[in-house]
Structures are given as structure tokens and as C-alpha cells.
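Spelled out from the first residue to the last, the chains are:
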Amino acid sequence: MEDTRTLRFFNRGPSSVARLVFFSLLSLILLFVDSRFNYLESARQVVAVIIYPFQRLTALPGEALSGLGSYFTLQRHLIADNAALHTQHDVDASQLQQLQVMQVENAQLRALLDVKQRAEYTVQMAQIIYVERDIFKRKLILDKGAQNNIQSGQAVIDNTGVVGQVTRVYPLLSEVTLVTDKNNAVPVQVLRTGLRAVVFGSGNTSELELRYQPVNTDIEVGDELVTSGMDGTYPNALPVAKVVKVERDPAYPFAHVVCEPLAGVDRHRTLLIVSSVIPLPERPVVKEESGEMARFNKNMKRSKP
Amino acid sequence: MSYELARDREFMLPASGVFIALSLCVAVLLEWLPWHGWLLALRPDFVALVLLYWCTHKPHRVGIGIAWMLGIFVDVADASLFGQHALAYTVLAFGGIVLHRRVQMFSLREQAIHVFGLLLASYVVYAVVHWQVRGYIAWEFFFGALTSALLWIPLTFLLQALRRPRRDPNEL
């Protein structure tokens, strides 16, 4: 560094230390603004649209390869597939008829009981353009965006269960956070007992965690967890996970329950975006808190990082 | 002595602005390639490598400003926080510029060791930012610095070969 300063014949602008400090400060300010506020979303969207064609370009070789694979399928595979689909269709058709009868009956019964109709939802099909490239994140990018009326917060499912949730919407793309993303929570219900719980992602592709269940809780290996629909984000009764391990150690206040996602979180190319879940009525605001509660909340806030 | 001269000439090879921009673009495209499963931990950071190459070989052409802008670009493409890659690349470019004279004195293998140190510094910056904002660190992430440093050798070969004039003028 010394000799460059003494031998500077040509003016090359500020020194590299000054530049380092300047650009580091700029990045830190951007980081702070981006993590605390939402001001930069529009700038992000503009850049995202500009780079969209290039991103598709890099996804092309993989797509072409899989396309080529499907082009050279053997005829007997196709015939076998077709036969299997036909039988499946027949089975499904008979079940569908039963279902329709039951739906009508259910509607009548609900009308009799004066219970609100369950939220019905429609789905939009979307293609995965690419999967996570960052080890810190469990995210997918889908090819439907704000142009197709996708909104952030919508649930994403496949044919077997919940895959994740749309967390950011670009004009032509949307970003999905998987249920297995670290600290992503889904409100669920144990199908066998009706127990309500919240399942958390663990950051590992094939693991979910059911937290805050007491040691004597009634959960067994093999129990199926479905969405409870209690948060107004996920429609109810979608399969989420299956319990694979329950550890009850009396030394800890909570049981350690490990689940496995039912949906092919890392398997498919096409997914379904659940559109228009009917919003729940607003949560009533509690005006006056009792002294105890207020103190508790204050402590909670203080202890938050 | 002649070897020394040859190596000096390697570093003096001309590089057009178009070539620099093109190499950085290709690096960004490579960055978008999909990676799966455990390979994800080994994913090398192509942009950081090419950036470091230019910072050590042409420190007056590619500096901290370009590194920062490239970082912002990658941040958007990667859906990470604004400024996360930018900060990491700023630190990387600074390291490359400060050490560029020193790196020139070593052979490729010894250069790779220096490069590993620089990359590790930028990886640490990225991870610390992530830890501050999200609250956890994935330790496998640092394997990427190792694979990137190993890639330094073929990458330097490739870029040097592309920069060398096609035909020796003495031949004519």
C-alpha cells in the first residue's frame, strides 16, 4: 500500500480503503433498510424483470434434457402407463360419484345445522423454474407471478400435500418458501385425535418438527398431520406430514416429535397454487390488558432479539 | 529468469472491457445453475472467483465499485437481502486489490491458498450477515469456499488462455 501511495503519478480517485468503507457502509444501510422495511421491494421487482430472460436461459439445458428424455420414451412404457391411468380413472370415477353424493348430503346437513360452508378453493398450476441455490434457504421459484394474480401468502400444494407458501411475488415469478424451511410454521391438527399443534421446518429437506407438545401428549409414530385451517392461510384438511419419531424424555418439558413431509417437497416439476382462500373475519382487538398480561408481553418483547 | 519474465507477461496480458464484462456475465449465468442436495454445500461461487481474478490481474479496471454493483445484481437474482452479496464482494475485491502484487509473485497452487483465505473472508461476511438477520448459520456453507479455491487453478488457466493473442506476431 505504501509504495502505491508514494508513486502515484496518475490520479485514480479515492484510495481503496476509502472505497471499501464507503461501499461497506452503503451495503450495511441497504441491509438494514431491506431487513426492517419494505421500501426496496419495487426496486427488486424491476431488476427481477430485467434478469428474467437470462434466468430462463440458464434453466433451458436442464429442461431440454428432461424434454429429450420424455421424447424417447418406449412405446410399451406408454401403453403400461395408459392402462394404469385407465384403471386409476375408473376407481377415481366411482369414488368421485360417492363424493358428490356425500358433498350434497354434507351441504344439506350443514344447512340444517346452520354452519358456515367450508372454504372452497381453486388452484392454479405452476411450473418450478428452479430450486434453491443457497444452502441457507429452502425456496423455489415458480413461473406464475403478479400477472397471474398470485399474492404473497398463498399456499402451494402438490397432489399429496402442502409444499409451502408463496412468500414473495414478482411480476412474472413467485418465490415459494418450503414447509421444511427453518422456522416456517404450519398450523396442523393430528388426524387421529384432532389435537391442534404447530409444525415447524427444521432446515432439513426431509424433516419437520412438532414443537411444544407435553411429554404425555397423545401422538404416535405414523400419525398423520393435516392443516387445521386455523390461520386463514392454508385451507383446512390438507395433508402436511407424518410422524416418524417420538422421543419422550422426562428430563425435558416437551416431547421431541419428528415428522416427515408428505408432499414431494423436493420431487416435482409442477405444483398447484391455492388461490383465494376466503379470508377469516378479523381477530377481535382486546383493548384493556390486565396488568399481569401487559407485564408479560413487555418482557416477551424485551427478550426478543 | 525467463520464467519470471514469462509470468510477468502473463499478468501484463491485455484485456478488453468487453471481455471482462463477458466473463462476469458468464459467471453470473453459471451462478444460476441449479444445484441439488449435498452438492449444494459444495456449490462454488463463480462470480466471486471471476471477480477476484480481475481484481488481482487488472486492479485498476475492476475495483470495489464494480464488485458492489455485481453484488447487488446477484442479491436480486438469489433472492437474498439487498446488500448481502454486495458487502461480501466488496470485502473480497478489497482483499484482492490489496494483495494483487503479492499474489502475482506466487505459482498457481500458492495463489489458490491466498484465494482461499480471501474467499473465506467474504464467506464469513455473508454468513455473519445471515446470522444477524435470520439467527442461525449453516456450517456446510463454508465448504463452498474450498471448492471455489480449488476452481481457481482451472479458471486462471482458462481465462489466461482466452486472453493470450491468437497468433504470435513474430511468426509472420
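Residues numbered from 1 in each chain as written. Chains lettered and ligands numbered in written order. Predicted model: local features only at pLDDT ≥ 70, side-chain atom pairs only at ≥ 80, totals over all residues.

S.K.: It is not clear to me how the overall build of chain A should be interpreted in this structure. Could you clarify?
M.R.: Secondary structure summary: chain A contains five helices and 12 strands in total. When burial is assessed residue by residue, chain A has 24% of its 305 residues classed as buried. For chain A, contacts bridging at least 24 residues in sequence account for 58% of all contacts bridging at least 6. (Helix = DSSP H or I, 4+ residues; strand = E, 2+ residues; numbered from the N terminus. Buried ≥ 20, exposed ≤ 12 C-beta atoms within 10 Å, placed from the backbone. Contact = placed C-beta atoms within 7 Å.)

S.K.: How do you make sense of the environment of Val124(B) when you look at a structure like this?
M.R.: Residue and element names in this part refer to chain B. Inspection of the secondary structure assignment puts valine 124 in helix H7 (residues 108-134). We classify valine 124 as partly exposed; it has 16 C-beta atoms within 10 Å. Taking the C-alpha atoms as reference points, valine 124 and phenylalanine 141, 17 residues apart in sequence, are found 9.6 Å from one another.

S.K.: Explain the pairing of strand S11 (residues 254-261) of chain A here, please?
M.R.: For a regular strand, side chains alternate in direction, first toward one face of the sheet and then toward the other. Residues and elements named next belong to chain A. Inspection of the sheet shows strand S8 (residues 208-214) paired to S11 by five bridges, in the antiparallel sense. By the bridge assignment for S11, leucine 210 is matched with valine 257. In terms of strand pairing, strand S10 (residues 239-247) meets S11 through six bridges, oriented antiparallel. The residue of S11 that forms the bridge with lysine 245 is valine 258. (Pairing = 2+ DSSP bridges.)

S.K.: Looking at this model, I keep getting lost on the interface of chain A and chain B. Mind explaining?
M.R.: For an interface, size is often stated in terms of accessible area lost upon the parts coming together. Contact residues are listed per partner, giving 33 residues for chain A and 37 residues for chain B. Looking at the side of chain A that touches chain B, the elements that each hand over two or more residues are helix H2 (16-36), helix H3 (41-71) and strand S1 (122-131) of chain A. Considering every element that reaches the side of chain A that touches chain B, the biggest residue donor is H2(A), with 11 residues. Residues that form the side of chain A that touches chain B fall into these classes: 16 nonpolar, seven polar and 10 charged. (Nonpolar A, V, L, I, M, F, W, Y, C, P; charged D, E, K, R; others polar.)

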